[in-house]
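# Results of the structural survey
Below are the chains, spelled out letter by letter.
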Amino acid sequence: MRSSAVPALPLAQRVRGLEMPWNRVLSSATGPAGAATALGPWHPQEFAAECVETISEAGGMMVFVFRRMDGAPLAFRSGQYINIDFPIDGPGAEPVSRSYSISSAPTEPWTFSITIKRDPKGRVSPWAHDNIRPGTTLDMLGPVGAFHLADYDRRARFLLLAAGAGITPLMSMVRTVHSLPGQADVVLLYHGAAPDSFAFSEELDFLANVDFRIKVLYCLGDRECGEEWEGRTGRLSASLLDELVPDANGRQVFACGPEGYLNSATDLLRDVGVDDTSVFMEFFSGDREIRAEYAEEVAIAGEIAEEIAASTEEYFESQPAALDMYEPEYDADGPVEAVGAPTEAVDAQAAVPVEDEVEIEVVGVTDDTLAEAEPGPASDAGSAVPAESGATASAMGPSETNADDETEIVDPAALPTVGQGEHTMSFVRTGLNVCVGEDETVLQAARKAGVKIPANCQEGMCGSCKVVKLDGEVDLNHQGGIRAREIDAGKFLPCCSTAKSDLVIDA
């Protein structure tokens, strides 16, 4: 039992480094020892999974998103892989088994994704690209592998080295760090063969922009590149590491790529002072010995899965009640398949219709304020702001639309008001006034009133809740999640801001 004499620490001080959510499941346990008792759900299992989406990626890769047929989440650690049976020779023939790293984050376990690069000379990857579509069901075994982030790491300073398709397990790690609070520090050095060969580059760029904990460096090898290339060039070397990551010694290194790339990395990491115990590697190709090691891992995982399947009910009953584990239903034939919405195959290349953003004019907001609130892209500012504010009659209702220029005119004074507090926040796109106290953050009051503002870390670090302030003053206490020029443009982070006056917010 915790002593009431222990003062409550701010969340930013309690959460350091990297801590997976499941570490908090057993609240009575402490530290890594507690995490060890929560490993049950991460034992490998045999299951069937249905493809629900395919997404083309750069570098000849394809992302396949799956969900388990029994409706259970897939519990795994970022960096692990699963073994998949591919019915290449037909449903009656012996399937071809291959292992692929999971590229999604374990913090979103209801679906998971693998990423496969097409090898024209390969047997499995071309078949997967040409045949796996939404609705395709495959037998799988997993999760497997010791190449993964720790459950609990107070240091949490990582150097991720990726080459080509080796980005796959590291992408899971980057996504995981971004999705969790804490003070991790990630540098990803990503080598590719051509400027257009970097998979996930759009998402990586976005994460690097919104999450100060993540730094992404692209590098071409010794190949020629055009003048438009703004990244680095040169093979992985000690001098390149010294230049780009001078504090490599002191970081945990996770490296994945071709065998030659990793062999070179092994030597040069020693040259820059990284201890062997801080280096973890995953081979995407290898010699006979490496392939034998992988086969042995999969065989052991299969044995564990069989043991668990033989005593499933006892297994779930043996888990601590605090885990509140998902348990699938069973009948005489095994797990009952979940009943969900049928999967419908769609053209992944088809254009998705996007509704035009309606511009808003706000009654009473000065032209100076709007001019300072520089319009930005939807992913950055959340919405565009008109350059000018028209002088609108206050007799208008809460909002009206001008059909000629598709501009919605909003009068904050006419919006309905909820909540209690010293100041009023007008959310002009939501159409609601929310009262907020001086000690309550803008995000807390907004969510309490039902105003939807996306937010991840909620500590002023990731910048995911960034919105535009059209009028009023806030006390902003961020931790690097917003740039000075963005603040100058009228943006702020609702998660770490309190109102100092009445506010008008573009949300």
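Preceding this section is the structure that the text describes.
Quick summary incoming for the structure in this document.

Rules and cut-offs
Residues numbered from 1 in each chain as written. Predicted model: local features only at pLDDT ≥ 70, side-chain atom pairs only at ≥ 80, totals over all residues. Heavy atoms only, no water. Helix = DSSP H or I, 4+ residues; strand = E, 2+ residues; numbered from the N terminus. Contact = heavy atoms within 4.5 Å. Pairing = 2+ DSSP bridges. Axes fitted to C-alpha atoms, helices over the stretch in contact; angles between N-to-C directions. Polar contact = N/O pair within 3.5 Å; in protein donor to acceptor, adjacent residues only side chain to side chain. Phe/Tyr/Trp six-rings, centres within 6.5 Å; stacked < 30°, edge-to-face > 60°. Buried < 20%, exposed > 50% of the residue type's maximum accessible area, 1.4 Å probe, protein only. Parallel < 35°, antiparallel > 145°, perpendicular 65-115°, else oblique. Left-handed = near helix turned anticlockwise from the far one by under 90°. Salt bridge = Lys/Arg side-chain N within 4 Å of Asp/Glu carboxyl O.

## Some remarks on the environment of G164
By the secondary structure assignment, G164 is in the loop between β9 (157-163) and α4 (167-179). Between the alpha carbons of G164 and K117 there is a distance of 9.1 Å; along the sequence they are 47 residues apart. Apart from the residues within four sequence positions on either side, G164 is in contact with M61, Y190 and H191.

## Concerning the sheet that holds strand β6 (residues 112-117)
The six strands lie next to each other as β5-β4-β7-β2-β3-β6, forming an open sheet whose pairing is antiparallel. Because the sheet does not close on itself, it has two edges, and the strands there are β5 (96-101) and β6. Looking at each pair of strands side by side, their axes are set apart by 40° on average, direction ignored. Sheet topology places strand β2 (residues 45-57) next to strand β3 (residues 61-68); eight bridges connect them, and they run antiparallel.

## Section: the side chain of S497
For S497, the location among the structural elements is in strand β26 (residues 497-499). At 2.6 Å, the side chain of S497 forms a polar contact with the backbone oxygen of L493. Here S497 is in contact with E440, T441, V442, V474, D475, L476 and F492, once residues within four sequence places are set aside.

## Details of the packing of aromatic side chains
Counting across every chain of the model gives eleven aromatic pairs. Judged by centre distance (5.1 Å) and plane angle (75°), the ring pair of F198 and Y218 falls under edge-to-face. Of this pair, F198 sits in the loop between β10 (185-192) and α5 (201-210) while Y218 is found in strand β11 (residues 214-220), placing the two residues 20 residues apart along the sequence. Here F198 falls in the buried class, since its relative accessible area comes to 3%. Residues F254 and F280 carry aromatic rings whose centres are separated by 4.9 Å and whose planes lie at 20° to one another, so their mutual orientation is stacked. Here F254 is found in strand β13 (residues 252-257), whereas its partner F280 is found in strand β14 (residues 279-283), with 26 residues between them in sequence.

## Some details on the pairing of strand β22 (residues 432-436)
For β22, the buried fraction is high: five of the five residues fall into the buried class. By the alternation rule, side chains of β22 split into L432, V434 and V436 and N433 and C435, which are all buried. Alignment of strand β20 (residues 417-418) against β22, held across two bridges, turns out to be parallel. Note that in β22 the partner of T417 across the bridge is N433. Sheet topology note: the strand β21 (residues 423-427)/β22 ladder contains five bridges and is antiparallel. For F427, the partnering residue across the bridge sits in β22 and is L432. Between β21 and β22, which pair antiparallel one after the other, the connecting turn spans four residues, and G431 there sits at a positive phi close to 80°.

## Looking at the sheet that holds strand β12 (residues 232-233)
Ordered by their spatial adjacency, six strands build an open sheet running β12-β11-β10-β9-β13-β14, and the pairing between neighbours is parallel. The two strands at the open ends of the sheet, each matched to only one other strand, are β12 and β14. Here α4 sits on the sheet and contacts β9, β10, β11 and β13; the angle it forms with β9, its principal contact strand, is near 150°. Its contacts with the sheet put helix α7 (residues 259-271) on β9, β10, β13 and β14, and the angle it makes with β14 is roughly 170°.

## Quick notes on the packing of α4 against α5
At a closest axis distance of 11 Å, the pairing of α4 and α5 adopts a crossing angle of 30°. The pairing of α4 with α5 is recorded here as roughly parallel in orientation. Note on packing geometry: the crossing formed by α4 with α5 is left-handed. Across the interface between the two elements, I167, M171, V174, R175 and H178 of α4 pack against E203, L204, L207 and V210 of α5.

## What to know about the pattern of salt bridges
Using the criterion set out here, one finds 15 salt bridges in the structure. A salt bridge links D89 to R123, with the shortest nitrogen-to-oxygen separation between them at 2.7 Å. Of this pair, D89 sits in the loop between β4 (81-86) and β5 while R123 sits in the loop between β6 and α3 (124-131), placing them 34 residues apart in sequence. Residue R123 is classed as partly exposed on the basis of its relative accessible area, which comes to 47%. For the salt bridge of R251 with D185, the shortest nitrogen-to-oxygen distance reads 3.2 Å. Separated by 66 residues along the polypeptide, R251 in the loop between α6 (238-244) and β13 and D185 in strand β10 bring together distant segments of the chain. The class of D185 is partly exposed, set by a relative accessible area of 27%. Several salt bridges share partner residues, and in doing so they unite R157, D185, D247 and R251 into one network.

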